[in-house]
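Structural features, examined
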Amino acid sequence: MEIRRFASSDDAASAAAARVVEVVRDKPHAVIGLPAGRTMVPVYAEMVRLARSAPSQWAQVRTFQVDEFIGLGRGDAGSFRSFLERHLLDALKLAADHVAFLNGEASDALAECERYERAIAEAGGLDLQLLGIGANGHIGFNEPGDSLTARTHLATLHDETRRANAMWFENDVLRVPHRALSMGMATLLGARTVVLVATGDSKADAVARAVTGTVTTKLPASFLQLHRAAEFYVDAAAAKGLMPGPGGPGLH
Ligand code: GLP
């Protein structure tokens, strides 16, 4: 696990975006997992800005969204698909068959999850998994609990997570779906590189526990300690529970 600390959230976001571009430069047909969330807004804005000067760099890239609310699809403003299209994908102009979404409106959720896992495998697996982190330590919609699920699955959201997502539904928590489809822990950990971005005070506790705590299903992000190439991009506020020190995270 490598921790990269930055003075501001914008600096963390820019560095994470630059890291994505580096992966794409090294491997033009990279397969990238994309999360939604507030944290990703400045990351995607910077990726779009960088892509303007080198649009062809993205021609062969393939993407897979990390998670999607049940019952929502491309036409719903609150869907993660529309978030990704709005903030990133429309601007990158990838070929339609290079962009994969989880269908939250699928009549058979299990079949949809199996289809998605097959599609990731057929694409050669994920080269880069971008991630945010929930204040409770969730990644994707893998919520803390007594157990975690390995593969793409139907997840039940905690109330805390639904409240955190109310902003996509005009701050009306009652409209936030109770369930979602999400890549599983093994799907996420199977990525060759993981870049997690965490900014703001509300993430400090989850970041500290993910980096220095016990690996536990009670904090899904802690499993990233077991990943051979997990990088955390954190701003000062999100890093405040981490001790600076020799070999420890310094400011970039
Ligand atoms: C959401 C999503 C995640 C996201 C995380 C952080 O609930 N399921 O994919 O990374 O929580 O979101 P935010 O960046 O808005 O804090």
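We now turn to the structure provided with this report. (Residues numbered from 1 in each chain as written. Predicted model: local features only at pLDDT ≥ 70, side-chain atom pairs only at ≥ 80, totals over all residues. Heavy atoms only, no water.)

**A closer look at helix α1 (residues 9–26)**
Filter applied, for reference: Secondary structure elements are taken from DSSP: a helix is a run of H or I of four residues or more, a strand is a run of E of two residues or more, and numbering for both begins at the N terminus. Every helix has an expected span of 1.5 Å times one less than the residues it contains. Two residues qualify as a contact provided that any one of their heavy atoms is within 4.5 Å of a heavy atom in the partner residue.
Compared with an ideal rise of 1.5 Å per residue, which puts 18 residues at 26 Å, α1 spans 26 Å between its outermost C-alpha atoms and is within 8% of the ideal. Against the buried residues of α1 lie β1 (2–6), β2 (31–34), α2 (40–53), β6 (128–131), β9 (193–198) and β10 (230–235).

**Overview of the sheet that holds strand β7 (residues 153–156)**
The condition that has to hold: Note on pairing: two strands pair once DSSP finds at least 2 bridges between them. As a rule, the C-alpha atoms of each element are fitted with a line to give its axis, helices using only the stretch in contact, and angles between N-to-C directions run from 0 to 180 degrees.
What the three strands build is an open sheet, ordered β4-β8-β7; its pairing is antiparallel. The open sheet has two edge strands with one neighbour each: β4 (67–69) and β7. Between one strand and the next, the sheet's axes are offset by a mean angle of 30 degrees, whatever the strand orientation. With three bridges joining them, β4 and strand β8 (residues 179–182) adopt antiparallel strand pairing. Across the sheet, residue F69 finds its bridge partner in β8, namely A180.

**Here's the deal with the site of the ligand**
Basically, it comes down to this: It suffices for a single heavy atom of a residue to lie within 4 Å of a molecule or strand for the residue to be listed as near it. Two N or O atoms count as a polar contact when they lie within 3.5 Å, although within protein this holds only if one can serve as hydrogen donor and the other as acceptor, and sequence-adjacent residues are included solely when both atoms are side-chain atoms. Each accessible area is a Shrake-Rupley estimate made with a 1.4 Å probe; only the visible protein chains count as cover when residues are assessed.
Lining the immediate surroundings of the ligand are 15 residues, of which R38, T39, D67, H138 and K203 lie closest. Measuring from a nitrogen atom of the ligand, one finds a backbone N or O atom of G140 at 3.0 Å. Within the side chain of N165, one N or O atom sits 2.9 Å away from an oxygen atom of the ligand. When the ligand is considered free in solution it has 390 Å² of accessible area, and contact with the protein chains removes 94% of it.

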